[in-house]
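# Commentary on secondary and tertiary structure
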Amino acid sequence: MSLSAADVAPAAFSHTQTDNLNEKLRFDLQNLTAFNEFEQLKPSTSEELEQFMLDKASEGTQQLLANLFSLPSKKSDVGPLALLPGYSKTDLGIDNSLTALPRSKPPPAPKEETRWSQFAKEKGLEDKKRGRKEWDEATGEWKVRYGMGSANKAKEEYPIMPAVAGDPNADPWEHQKSQKRAKVEKNNLNRLKNQERTGAVPKGTASKYEKKITEDAHSRSVQKTREAPGIPLDLSSGSSSSAPGSRGLANTKRALEMTRLSTASMGKFDAVRSGEGSQRRSGEELKIKRKGMTTTVSQTRSQESANSLKVLDSVLKGSAKKQKMRKTGQMSTGETGHDYDYDDNLGGGKYRKKKGRAGAGKLKSASKKMIK
Amino acid sequence: MAPTGKNAGKRGPTEKQPKAKVARYLKSQEAQINEGVKSSLLLKGTRCSEIMGNVLKDLRAMKAPAAKLLTKKNEINLFDDSQSIEFLCTKNDCSTFALASHNKKRPNNLVFGRTFDNELLDAVEVGVENYKSLNHFKGAPKKRVGSKPMFLFVGDKWTKDETLKKFQNLILDWFRGDPVDALSLKGLDHVIQVTALEEKVYFRTYYVKLKKNPSGDKSPLPLLTRSGPDWDMTIRRTHFASPDMWKSSLKLPKSLTKKKTKNQKTNAMGETVGRIHLERQDIDSATGRKTKAIRVAEANEKREEREAIEEEQKREMESEGNMDYSDDSDEDEDEAPRKSKRRKK
């Protein structure tokens, strides 16, 4: 008859016999937990208490292990793994034996698919991961796909820039730039549309951006006309976007005046046409006519002197606005030492930048004491 | 600054992409469907004794590597103002914490707590007594770093007392480690036993050595030795989550909840049979649109009927014999022009 280990060394195995355990435990195997929900009597002494707890632990652990080792298992490269309940994730929230433990963060909202991902799903397209480097035929070496020293950039640089296909007078560099810009804008627009759909960005952002793109394009085209040499400055876009390149009535009149004044005698001896008449102003008048100035000599003198005094005042006392503020009491007074000779006994006034007599600065009353 | 939190992923029209490093960090801060282990933040309160300092060190040893021990003291009174602890937990990316302190009024104080959505969820303040650190059991074998504990909750009070029920949940959450789907049972090496007896809660940790079962069972026999850390607790103050917050913290992501497919059943043959529920259809009074095929069919039917009738009449005439020629009425009837109705479509 073979002997069991328990017979040979009963002491070592005495506290591991569970056949006489009458307390049936409740288990939550997902968290490797056993619950002994029976009423316990507290032992009187602390040694007894420790022994009592050790006994309960041994019995409980044995039962728990028995249940754990009876779970289904799966094979893995680190050995057999027991599949804990809840692994299939289909009965969470339904299985009552699992303890409901809270999360750290609320569950993420399901991500809305972008138009491309929906399309890719339908077609069964896979996400092909491309490598960072790309073989560049021209140079015969591996170049990065994007960024510094990329093959793409090199492709766009031509030693002899070819003309734009449709329009031979167009600027090819400008064309290249605008093409790239169009790509970027289209990408941004699609990105915003996707975000609008998911609600990450308020509705209307995409359409606003679209508007902005068209406005920018327009202003760029207007700038082009302005920057082109030989086109007069007053053919400005700001006046009428509907008829760019036309002066309009007011601007034509102004243009006429300006051309008149562009002679050496400032249009004084220009022949007057019928209908031009009284609105003409001579260059002499225009020279003198400044802001707030009249034409009579005496008035001019007094006005000039008054103006000069105004300028002086503003330098000494502050601008007219500031003076008014001071008068009406809006400026704070008496709060700093600058307002009057105030001695706050903190000895601040005694600070000297330089040593010796030079540090004393301008003395109100000279005395040898203050110099120290 | 790159957008964080709720604004993650939102980018204005002309904003540049954040750097890859920043993007990775933001992604790690996002909520995930399956959350891993809850990191613990271990910190000291306004004043801390040496014992409590050792308690924190042992807690870190138990929870390593998912524990962060801060060295500086913090003036935190989380039962009055939970803002500072919430801030610290958010910044350190820890959703559980243990705050140790010591003063005359509350000696050897330890507050176990957890957060949800960067807000304080639960906090239980206990007084630590009879503390036996890991150093106390110096020679004894200890658990491996990162191994998952087994739990034993002894006592009927765990189910009867409301505070203890929630405390049990907190302890489980705090110490359980990584919530995995599959586990190598050979790696089980310790058990935490928490006993509730007569106003005190006894926290004991035992090192488990798995020995082969002499009776030949698959499950091994455990050999338990005290490894520490052990302590006795008396519950002082508590702060538990409001029912709404508790409910929202338990919500599972939609992709994990079981979806019921209605009106479908797979029978024993393996065939999936579906059921369609229709309302009562009044077939008799139902009128439909007549297509060309139906009209043609009806016309054919009528014609056939008429021909059949004519044939019968003819036969009757012939059978009656050639006796009655003068009867004009029949002839008129025979040669009556047929008007075919054509419906305009």
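The model shown is predicted, which means the values in this text are computed figures rather than measured ones. (Residues numbered from 1 in each chain as written. Chains lettered and ligands numbered in written order. Predicted model: local features only at pLDDT ≥ 70, side-chain atom pairs only at ≥ 80, totals over all residues. Heavy atoms only, no water.)

Turning our eyes to something else, we now look at the overall build of chain B. In terms of regular secondary structure, chain B is built from eight helices and 13 strands. Put simply, chain B has 345 residues, and 36% of those count as buried. Long-range pairs, those at least 24 residues apart, make up 66% of the contacts in chain B with a sequence separation of at least 6. If you sum the accessible surface of chain B, you get close to 22800 Å²; carbon and sulfur atoms cover 48% of it. (Helix = DSSP H or I, 4+ residues; strand = E, 2+ residues; numbered from the N terminus. Buried < 20%, exposed > 50% of the residue type's maximum accessible area, 1.4 Å probe, protein only. Contact = heavy atoms within 4.5 Å. Areas by Shrake-Rupley, 256 points an atom, 1.4 Å probe, with all protein chains shown as cover.)

Turning next to the interface of chain A and chain B. Each partner contributes to the interface: chain A provides 64 residues, whereas chain B provides 71 residues. A combined buried area of about 6300 Å² lies between chain A and chain B, and 63% of that area is made up of carbon and sulfur atoms. Counting the surface chain A buries against chain B, the share from its top three residues, Phe69, Pro102 and Arg103 of chain A, is 12%. The interface formed by chain A and chain B includes three salt bridges. (Buried area = accessible area lost by both parts, 1.4 Å probe. Salt bridge = Lys/Arg side-chain N within 4 Å of Asp/Glu carboxyl O.)

This next bit is on the packing of aromatic side chains. All names here are of chain B. In total, this model carries 11 aromatic pairs over all chains according to the counting rule given. Through a chain of ring-to-ring contacts, the aromatic side chains of Phe112, Tyr131, Trp174, Phe175, Phe203 and Trp231 assemble into a single cluster. The ring of Trp174 carries the charged tip of Lys63 above its face, separated from the ring centre by 5.3 Å. (Phe/Tyr/Trp six-rings, centres within 6.5 Å; stacked < 30°, edge-to-face > 60°. Lys NZ or Arg CZ within 6 Å of the ring centre and 35° of its normal.)

Residue and element names in this part refer to chain B. By the element assignment, Lys63 lies in helix α2 (residues 50-63). It is Asp173 that comes nearest to the buried, bridge-free Lys63 among opposite-charge side chains, at 7.6 Å. Here Ser40 takes part through its side chain, which lies 3.1 Å from a polar atom of the side chain of Lys63. (Lys, Arg positive; Asp, Glu negative; His and termini not counted. Polar contact = N/O pair within 3.5 Å; in protein donor to acceptor, adjacent residues only side chain to side chain.)

This part takes up the pattern of salt bridges. Residue and element names in this part refer to chain A. Counted under the stated rule, the structure contains 22 salt bridges over all chains. We note a salt bridge from Glu257 to Arg260, for which the minimum N-O separation is 3.8 Å. You can see Glu257 and its partner Arg260 sitting in helix α8 (residues 249-261), three residues apart, about one turn around the helix. Of the charged contacts, one joins Asp313 and Lys317 as a salt bridge, the two residues approaching to 3.8 Å between their closest N and O atoms. Note that Asp313 and Lys317 are positioned in helix α10 (residues 297-317) at a spacing of four residues, about one turn of the helix. Relative accessible area serves as the criterion here: at 44%, Lys317 is assigned to the partly exposed category.

What follows concerns the confidence of the model for chain A. Atomic detail in the predicted coordinates should be set aside for any region of low pLDDT. All names here are of chain A. Of all residues in chain A, 71% attain a pLDDT of 70 or more, and the chain-wide mean is 78. Looking across chain A, the model is least confident in helix α2 (residues 10-13), with a mean pLDDT of 49, and most confident in strand β2 (residues 33-36), with 93. Contacts from residues 11-20, a stretch scored under 50 in pLDDT, to residues over four places away or in other chains number 14 contacts. (pLDDT = per-residue confidence, 0-100.)

All names here are of chain B. With 36 residues, the main nonpolar core has Leu59, Leu110, Phe112, Trp158, Phe167 and Phe175 as its most contacted residues. Per-element tally for this core: the top contributor is helix α5 (residues 162-175), with seven residues. Apart from residues lying up to four places away in sequence, Leu59 is in contact with Leu42, Ala98, Leu110, Phe112, Trp174, Phe175 and Trp231. (Core = buried A, V, L, I, M, F, W, Y, C linked by side-chain atoms within 4.5 Å.)

With that settled, consider the sheet that holds strand β7 (residues 182-183) of chain B. Ordered by their spatial adjacency, three strands build an open sheet running β3(A)-β4(A)-β7(B), and the pairing between neighbours is antiparallel. Each end of this open sheet is capped by a strand with a single partner; those strands are β3 (73-74) of chain A together with β7 of chain B. (Pairing = 2+ DSSP bridges.)

Residue and element names in this part refer to chain B. Burial analysis of strand β3 (residues 96-101) places six of its six residues in the buried class, the great majority of the element. A two-sided burial pattern is seen for β3, the buried positions comprising Thr96, Ala98 and Ala100 on one face and Phe97, Leu99 and Ser101 on the other. In this sheet, strand β4 (residues 109-116) lies alongside β3 in antiparallel orientation, the contact comprising six bridges. Each residue of the ladder has a partner; that of Phe97, found in β4, is Gly113.

In the case of a regular strand, side chains alternate between the two sheet surfaces. By the criterion of burial, strand β6 (residues 150-154) of chain B is predominantly enclosed, with five of the five residues buried. Covered by surrounding structure in β6 of chain B are Met150, Leu152 and Val154 of chain B together with Phe151 and Phe153 of chain B, the residues of both alternating faces. Bridge count for β2 of chain A against β6 of chain B is four bridges, and the pairing is parallel. Across the sheet, residue Thr33 of chain A finds its bridge partner in β6 of chain B, namely Phe151 of chain B. With five bridges connecting them, β6 of chain B and strand β8 (residues 190-197) of chain B associate as parallel partners. Note on β8 of chain B: the bridge partner recorded for Phe153 of chain B is Val194 of chain B.

Bringing unusual backbone geometry into the picture now. Note: most residues except glycine have negative phi, and most peptide bonds are trans. Residue and element names in this part refer to chain B. Cis rather than trans, the peptide bond between Ala64 and Pro65 has omega equal to 0°. Within the secondary structure, Pro65 sits in the loop between α2 and β2 (67-73). A cis amide bond links Gly228 to the next residue, Pro229, at an omega of -5°. Mapped onto the elements of the fold, Pro229 is located in the loop between β10 (221-226) and β11 (230-239). Positive phi values are uncommon outside glycine, yet Glu199 reaches one of about 75°.

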